[in-house]
Amino acid sequence: MRAPKSLLAWATLLLATCGQPQLAHAQQWLCAADLNGDGDAADDGEIAGCTASAGGDHLCPIEQTACTMDASGGYACPLGSQYACLSADGVSAPSCSPHSCIDTAANPVEEEVVVDDPGTAADGEVDADGNCLGTIEIFGGRKLRCRPPGLSVTFQNCCKDKDKIIKDGMGSSISSIGTKIAIAKGVFTGMKAAYTAFKAGATASQAASAGANALIVGIDPTSIAISLAINFMMEVLLQGCDQQDMEAGMLRGSGMCHEVGAYCSSKILGICVQKAKSQCCFNSKLGRIIQEQGRPQLKAFASGWGDVKSPNCRGFTAQEFQALDFSKMDLSEYYTEIKARSADLIQSDMEERVDAYLNAVQN
């Protein structure tokens, strides 16, 4: 079934675009162990700082075991003779561990380069009649990553979602169009402003206010829950999350991202010590839903979302969009949300616009 012309025209108008850390730990000696057998040491309790012994060696606290005394008064490690028994002060009973300590000064942590994907550029070249000369993409997205607890984020959860900050399609019909197209750009602008201010020495509160002010410049204020946005930015900044963690978190919590998978973003001596969650984030929840349910219908997306480190987040071409069978899609997630808030929108549209703006400016 081909999409009705009216639906194609509507979607094209709304969502088509014409295209064109440092390691945060103070420990120099670390140890890591894959305790749960999942192939990495990036989970809770699998990385620890080593303690120096009286003799200058270092002891890993992971699975640390007390050494036993033999008949001659010497100590032996019950885990095996290959593991040294070490005492912190040379007086207390020694212990041993099956895991080696790593000097991070000699073996620094290797970090994956973070790819900054701006998405398909809007407002590309057009001819004299206003026709797009580039590639039209419908429901295009951006590839982003956020990091769950691990070494690089000092075991804070930079993938934590904090409620629904972006209200998909709020406001009047005209402002909704602008909102949908500006979401990705607006979130990027706001998170960049907050992160830049924080790195320059601003407090988390000041940085969050700078981010909120930048957000409302590019996005209709009624589309953003300003108080939630400020609280979210303050929390992730204090946790040591970076700008892309913030971008992904805000869009994820608002239901606009599809998680592609997880990959290792930091290693030391080949051992993974930090994971990252890769995702494609779109300008609206509806865009995410149609991408998830439309891709399996098209041969062009036979490989799904592509490589987990660099997923394929492109939008549909006009021809691909026309080929989608919407009768096979379940859009109830989106319809339910629209019905639940429609009455409130009619009653408080103008009041919300004024209040959201004033809150952003005053904070």
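Residues numbered from 1 in each chain as written. Predicted model: local features only at pLDDT ≥ 70, side-chain atom pairs only at ≥ 80, totals over all residues. Heavy atoms only, no water.

Section: the sheet that holds strand β15 (residues 271-282)
One open sheet holds the 4 strands; their spatial order is β11-β14-β15-β13, and the pairing between them is antiparallel. Either end of the sheet is taken by a strand with one partner, and the two such strands are β11 (110-111) and β13 (141-146). Note: strand β14 (residues 257-268) against β15, 10 bridges, orientation antiparallel. Bridge pairing in β15 places His258 opposite Cys280. The sheet contacts of helix α5 (residues 243-253) involve β13, β14 and β15, and relative to β13 the element is tilted by about 115 degrees. (Pairing = 2+ DSSP bridges. Helix = DSSP H or I, 4+ residues; strand = E, 2+ residues; numbered from the N terminus. Contact = heavy atoms within 4.5 Å. Axes fitted to C-alpha atoms, helices over the stretch in contact; angles between N-to-C directions.)

Some thoughts on the sheet that holds strand β10 (residues 102-103)
The sheet built from 3 strands is open, its strands ordered β3-β2-β10 with antiparallel pairing. Whereas interior strands pair on both sides, the edge strands pair on one side only; in this sheet they are β3 (47-49) and β10. Bridge count between strand β2 (residues 29-32) and β10: 2 bridges; the pairing is antiparallel. Its bridge partner being in β10, Leu30 is matched across the sheet by Ile102.

Concerning the pattern of salt bridges
What the rule picks out here adds up to 14 salt bridges. Here Asp38 ties to Lys275 by a salt bridge, and the two come within 3.2 Å at their closest N and O atoms. Of this pair, Asp38 sits in the loop between β2 and β3 while Lys275 is found in strand β15, placing the two residues 237 residues apart along the sequence. A salt bridge links Lys309 to Glu112, with the nearest nitrogen and oxygen atoms 2.8 Å apart. Taken together, the residues Lys309 in the loop between α6 (285-294) and α7 (318-323) and Glu112 in the loop between β11 and β12 (136-138) connect sequence positions 197 residues apart. (Salt bridge = Lys/Arg side-chain N within 4 Å of Asp/Glu carboxyl O.)

Regarding the environment of Tyr334
As for its position among the elements, Tyr334 is in helix α8 (residues 332-362). Once the C-alpha coordinates of Tyr334 and Ile289 are considered, the two residues, 45 residues apart in sequence, prove to be 8.1 Å apart.

Remarks on the state of the cysteines
Summed over the entire model, instances satisfying the criterion amount to 9 disulfides. Disulfide pairing places Cys77 opposite Cys96 at an S-S distance of 2.1 Å. Its torsion about the S-S bond being 75 degrees, the disulfide of Cys77 and Cys96 is classed as right-handed. Residue Cys77 is located in the loop between β8 (75-76) and β9 (95-96), and its partner Cys96 is located in strand β9; the two are separated by 19 residues in the primary sequence. Side by side, Cys77 and Cys96 carry an identical accessibility label, which is buried. One disulfide bridge connects Cys158 with Cys241, the sulfur atoms lying 2.0 Å from each other. (Disulfide = S-S within 2.5 Å. Buried < 20%, exposed > 50% of the residue type's maximum accessible area, 1.4 Å probe, protein only.)

Points about the packing of helix α4 (residues 226-238) against α5
One can describe the packing of α4 onto α5 by two numbers: an axis separation of 10 Å at closest approach and a directional angle of 140 degrees. The pairing of α4 with α5 is recorded here as oblique in orientation. Relative to α5, the crossing made by α4 is right-handed. Within the contact between the two elements, α4 uses Ala229, Phe232, Met233, Val236 and Leu237 and α5 uses Met246, Gly249 and Met250. Taken together, the residues of the contact of α4 with α5 break down into 7 nonpolar, 1 polar and no charged. (Parallel < 35°, antiparallel > 145°, perpendicular 65-115°, else oblique. Left-handed = near helix turned anticlockwise from the far one by under 90°. Nonpolar A, V, L, I, M, F, W, Y, C, P; charged D, E, K, R; others polar.)

With respect to the pairing of β2
Where a strand is regular, its side chains alternate between the two sheet faces. As judged from the 3 bridges shared by β2 and β3, these two strands associate in the antiparallel manner. Residue pairing for β3: Leu30 is matched across the bridge by Gly49.

Topic: the packing of aromatic side chains
If you walk through the whole model with that rule in mind, you get 5 aromatic pairs. Judged by centre distance (6.5 Å) and plane angle (45 degrees), the ring pair of Phe316 and Phe321 falls under tilted. Exposure class is identical for Phe316 and Phe321. Each is buried. Three or more aromatic residues joined by ring pairs form one cluster here, namely Phe139, Phe301, Phe316, Phe321 and Phe326. Between Arg295 and the ring centre of Trp305, over which it is positioned, the NZ or CZ distance is 3.9 Å. (Phe/Tyr/Trp six-rings, centres within 6.5 Å; stacked < 30°, edge-to-face > 60°. Lys NZ or Arg CZ within 6 Å of the ring centre and 35° of its normal.)

Some words on the pairing of β15
Buried residues dominate β15, accounting for 10 of its 12 residues. Pairing analysis gives 6 bridges linking β13 to β15, with the strands arranged antiparallel. Bridge assignment links Gly141 to a residue of β15, and that residue is Phe282. Hairpin connection between β14 and β15: a loop of 2 residues separates the two successive antiparallel strands, and Leu269 in this loop has a positive phi of roughly 50 degrees.

Observations regarding the nonpolar core
Within the largest apolar cluster, 33 residues are counted, with the highest numbers of intra-cluster contacts made by Met233, Met250 and Leu251. Of all the secondary structure elements, the ones that give two or more residues to this core are β13, α2 (173-199), α3 (204-218), α4 and α5. No other element matches α4, which puts 7 residues into this core. In contact with Leu251, other than residues within four places in its own chain, are Leu144, Ile166, Ile183, Val187, Met256, Cys257 and Cys281. With 14 residues, the next largest nonpolar core counts Ile290, Phe301, Phe321 and Tyr334 among its residues. (Core = buried A, V, L, I, M, F, W, Y, C linked by side-chain atoms within 4.5 Å.)

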